[in-house]
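Breakdown of the fold
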Amino acid sequence: MDSLITVMNKLQDMFSTVTLTQNIDLPQIVVVGSQSSGKSSVLESLVGKSFLPRGTGIVTRAPLVLHLINSSEFEEETNDCKSYNDCATFQHKPNVVFYDFDKVRKEIELKTIELAGDNKNISNQPIVLNVYSKQLYNLSFVDLPGLTKMPVGDQPDDIEIQIRELVLEYINNANSIILAVVTANTDPATSESLHIAKSVDPSGDRTIAVVTKLDIMDAGTDANELLCGQVIPVKLGIIGVINRSQKDINEQKTIKQSLEAEEKYFRMKYPTIADKHGTIVLGKRLQHLLIAKIKETCPDLKNQILDMYNTYSKQLRKYKEFTNNYDRSLLDLITQIVTSYVASLDGQASNTSLTKLDGGAEISNYFKVVFNKEIDEIDPLKGLSNDAIMNVINNASGTSMGVFMPATAFDHIVKKQLRQLEEPSLKCVSFVHEKLMSNIFNLNNDTSSELKKYPRLMERIVDLLETLLNKYKEKSNDAVIKMILYQEAMINTHHPDFVEAVIESDDYKELFLPIKLNGKQMSENNSFSDSEEEAEFDSSMNNDFIKKEFLEESKRKAVERITTCAFSSFSKTDKTILESRAQLLTLFIQCYFKVVKKMVQDIIPKTIMYEMVNQIKQNFQKALISKVYKSNDLKMEDLLIESPEVIDERVKAQNRFDATDRALKLMREIEQLCHVSG
């Protein structure tokens, strides 16, 4: 059944060789303890070899993934390492077999310096070590740097935070088993390992405590309550061990001798619970817990790997290479680009945003909201004071001493003020131009990813699009300016909307209603009086059609009559008359602008759509065919040269796919082992 652990080790090693874009929570035992708590000694006792670096302060500065493999199952294989009882290999040196465990220690030290530097910094890159022996249990550990409170010597000031974040990265894995190393000669309530384990496993469901330094407790004290689980709230058990002391190491006391001394100690000191403690008991317990965790997580783990397999399979398809048929491939890509570009403008894009407007919708919104608002906010009287208007009236009269308001005064002012419509109209052209340009980066996901693979082709297409749009923008600007000039060319005061605007204005009603029309008095509701002398006239208006025509004609004559209101001279005595005429001219300017604004709000978007939007939709593909596909200055294979980043991503995608493919096969093997064991 311990073959489950061996297969799981292969799975863990395989994933450690590739950079995944998704996390996978593999079952593993994570060793957590404070500095000098005896972590290294516990692991060495389980391995039966002295192979871990030792010293003062922080010694373990990178995660050490330690796979213990019982080599009995490899006896029939020809591999030199596995045919020996005791040997080791490193993942970063797969072809080098270590038989001398002092050299294993030295290799760990060298690799640590390579990963974390030669000072006291730490690294989150793991060192993977496989140890083979016939005396080993199949187990897997992750040994992490010891927890510390204060930096010592050359340790960085934030070393406590660095180590804590590294430990949390591993124990946050819900499928991990936390092996918390606790010292018996200190208060368990102050144990750093138990404290950090509780932060991620408050109920203690996946924490096992290992109690060290039982043999150096104060005289007259014992650890019965601690070892019997009455002090530490963990549910996977509490196991005491006796590690080799520094004196034992100096005297070259072997691991085997230490295990014999450990067994003797527990039988003498804690005879009633001796069979529940010791390194051998710990190894069996950890193996049992790890196998149970593998069985428990197997279904979810397989689903997780299957999801990753599908994801990486899709990524790999995205990075597929062109075949040698560059001609067909380029033509297909051009068609795909134009189709996606036009679809975005027509509201048929497959990657429609759920949070913002894009493509054609953004252009339409600008027409209907932004442009209309800017036109509406134009002040037709901007820069015009009452004195300025009166001055225009006087200047329009010239040397004439006529008694009527000069019609040219209105024309002079309106033509000047109409120029205000040009700036927002040209701004509208620029906005649409920019959106049509940026729309090339708003293609559907598949097309966009495909185009980004070929930087030369992308550059050529963007340049061509910019050239086309600049040409269409120039035509649009010319057309828009002409539209404004058309309005200046003829000031049409006979426009029915202008007449209506004047008649319906409050100023008009205040100044000129009720007035006489054709000898008849018309009230504000456009009805005639019914005095006896007018009864005969009223009877002639019974016909609705005749009445309507009469009213329209009356309105027009009223405006004409008003526009020719007389004044006699420029003398001061005529100032009141001049001011009233200026007020009347102001009313006409406002009403005329109201009419022109509506026309501009309608015709400018239509002009831009015709001159720029529709032109690019109709001609983009033709231009790409003639300027890119049939280009003489660049070969197709040159246009389709991939960027180094794409080539690198394809290699990574292939590696990820291969890794998850192998992982699925290993998971089937694990499933089969779980099924056989029941």
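Here the structure is a predicted model, which means the values were calculated and not measured.

Each value, and the rule that gives it
- Residue positions are given per chain, counted from 1 along the sequence in the order it is written.
- Only residues with pLDDT of 70 or above have their local features reported here, since the model is predicted, and side-chain atom pairs are shown and tallied only from 80 upward, although totals for entire chains, interfaces and linings are computed over all residues.
- The side-chain numbers reported here are obtained from all heavy atoms of the structure, hydrogens and water having been left aside.
- Salt bridges are counted wherever a side-chain nitrogen of Lys or Arg sits within 4 Å of a carboxyl oxygen of Asp or Glu.
- Only DSSP runs of H or I with at least four residues qualify as helices, and only runs of E with at least two residues qualify as strands; both kinds are numbered from the N terminus onward.
- Only protein chains enter the area calculation, which uses a 1.4 Å probe; residues under 20% of their type maximum are buried, those over 50% are exposed, and those in between are partly exposed.
- In this description, a nonpolar core means a group of buried Ala, Val, Leu, Ile, Met, Phe, Trp, Tyr and Cys residues linked to one another through side-chain atoms lying within 4.5 Å.
- By definition in these notes, contact holds between two residues if any of their heavy atoms fall within 4.5 Å.
- In this description, strands pair whenever DSSP reports at least two bridges between them.
- Each axis is a line fitted through C-alpha atoms, taken for helices only over the stretch in contact, and angles between the N-to-C directions span 0 to 180 degrees.
- Confidence scores here are pLDDT values: one per residue, from the predictor, ranging 0 to 100.
- With respect to orientation, any angle under 35 degrees is reported as roughly parallel, any angle over 145 as roughly antiparallel, any angle of 65 to 115 as roughly perpendicular, and every other angle as oblique.
- In this scheme the crossing of two helices becomes right-handed for a clockwise turn of the near helix relative to the far one and left-handed for an anticlockwise turn of less than a right angle.
- The residue classification treats Ala, Val, Leu, Ile, Met, Phe, Trp, Tyr, Cys and Pro as nonpolar and Asp, Glu, Lys and Arg as charged. All others, Gly included, are polar.

Let's talk about the pattern of salt bridges
Side chains that differ in sign of charge can pair as their charged atoms come close. In the structure shown here, the tally under the stated rule is 17 salt bridges. Lys-111 is paired through a salt bridge with Glu-114; the nearest N and O atoms lie 3.1 Å apart. Remark: Glu-114 and Lys-111 occur in helix α4 (residues 101–116); sequence separation between them is three residues, near one turn of the helix. Assessed through its relative accessible area of 59%, Glu-114 is described here as exposed. A salt bridge links Lys-293 to Glu-296, with the shortest nitrogen-to-oxygen separation between them at 3.7 Å. Of this pair, Lys-293 and Glu-296 are both found in helix α10 (residues 279–318), three residues apart, which corresponds to roughly one turn of the helix.

A word on the nonpolar core
Among the nonpolar cores identified, the biggest contains 75 residues, and Tyr-341, Leu-436, Leu-457 and Phe-620 are the most heavily contacted of them. Sort the elements by how many residues they give to this core and helix α22 (residues 575–629) lands first, with 23 residues. When neighbours within four sequence positions are excluded, Phe-620 is seen to be in contact with Val-338, Tyr-341, Ile-440, Ile-461, Leu-465 and Leu-468. Listed in part, the 60 residues of the second largest apolar core include Leu-52, Leu-129, Leu-236 and Ile-670.

Comments concerning the sheet that holds strand β8 (residues 207–212)
A sheet is described by the order of its strands in space; here nine strands give the open sequence β4-β3-β5-β2-β6-β1-β7-β8-β9, paired in mixed fashion. Across the chains shown, the open sheet's two edge strands, defined by having one partner strand only, are β4 (93–98) and β9 (238–240). When strand polarity is set aside, the average angle formed by the axes of neighbouring strands in this sheet is 25°. One ladder, built from five bridges, connects strand β1 (residues 28–32) with strand β7 (residues 176–183); its direction is parallel. Bridge pairing in β7 places Val-31 opposite Leu-179. The sheet contacts of α4 involve β2 (64–70), β3 (87–90), β4 and β5 (127–133), and relative to β5 the element is tilted by about 170°.

Focus on the confidence of the model for the chain
Close inspection of predicted coordinates is inappropriate in any region flagged by low pLDDT. Confidence in the prediction for the chain averages 80 pLDDT; 81% of positions are at 70 or higher. Predicted confidence in the chain is weakest over strand β10 (residues 515–517), with a mean pLDDT of 45, and strongest over helix α15 (residues 422–438), with 94. Counting contacts from residues 515–520, a segment whose pLDDT is below 50, to residues more than four positions away or on other chains yields 16 contacts. Per-residue pLDDT stays below 50 along residues 522–541; that stretch engages in 31 contacts with residues further than four places along the chain or on separate chains.

Let's talk about unusual backbone geometry
Positive phi, normally seen in glycine, also occurs at Ser-36, with a value near 65°. Assignment of secondary structure puts Ser-36 in the loop between β1 and α2 (39–47). Classification of Ser-36 as exposed rests on a relative accessible area of 62%. Phi at Lys-213 takes a positive value of approximately 60°, unusual for a residue other than glycine. Mapping Lys-213 onto the fold places it in the loop between β8 and α7 (224–227). With a relative accessible area of 26%, Lys-213 lands in the partly exposed category.

Description of the packing of α15 against helix α17 (residues 455–489)
Running from N to C, α15 and α17 cross one another at 160°; their axes reach a closest spacing of 10 Å. For the element pair α15 / α17, the angle class is roughly antiparallel. Considering how the two elements wind past one another, α15 and α17 form a crossing that is right-handed. Along its contact with α15, which presents Glu-422, Ser-425, Leu-426, Val-429, Ser-430, His-433, Leu-436 and Met-437, the element α17 presents Val-462, Leu-465, Glu-466, Leu-469, Asn-470, Lys-473, Ser-476, Asn-477, Val-480, Ile-481 and Ile-484. Of the residues that constitute the contact of α15 with α17, the class distribution is 10 nonpolar, six polar and three charged.

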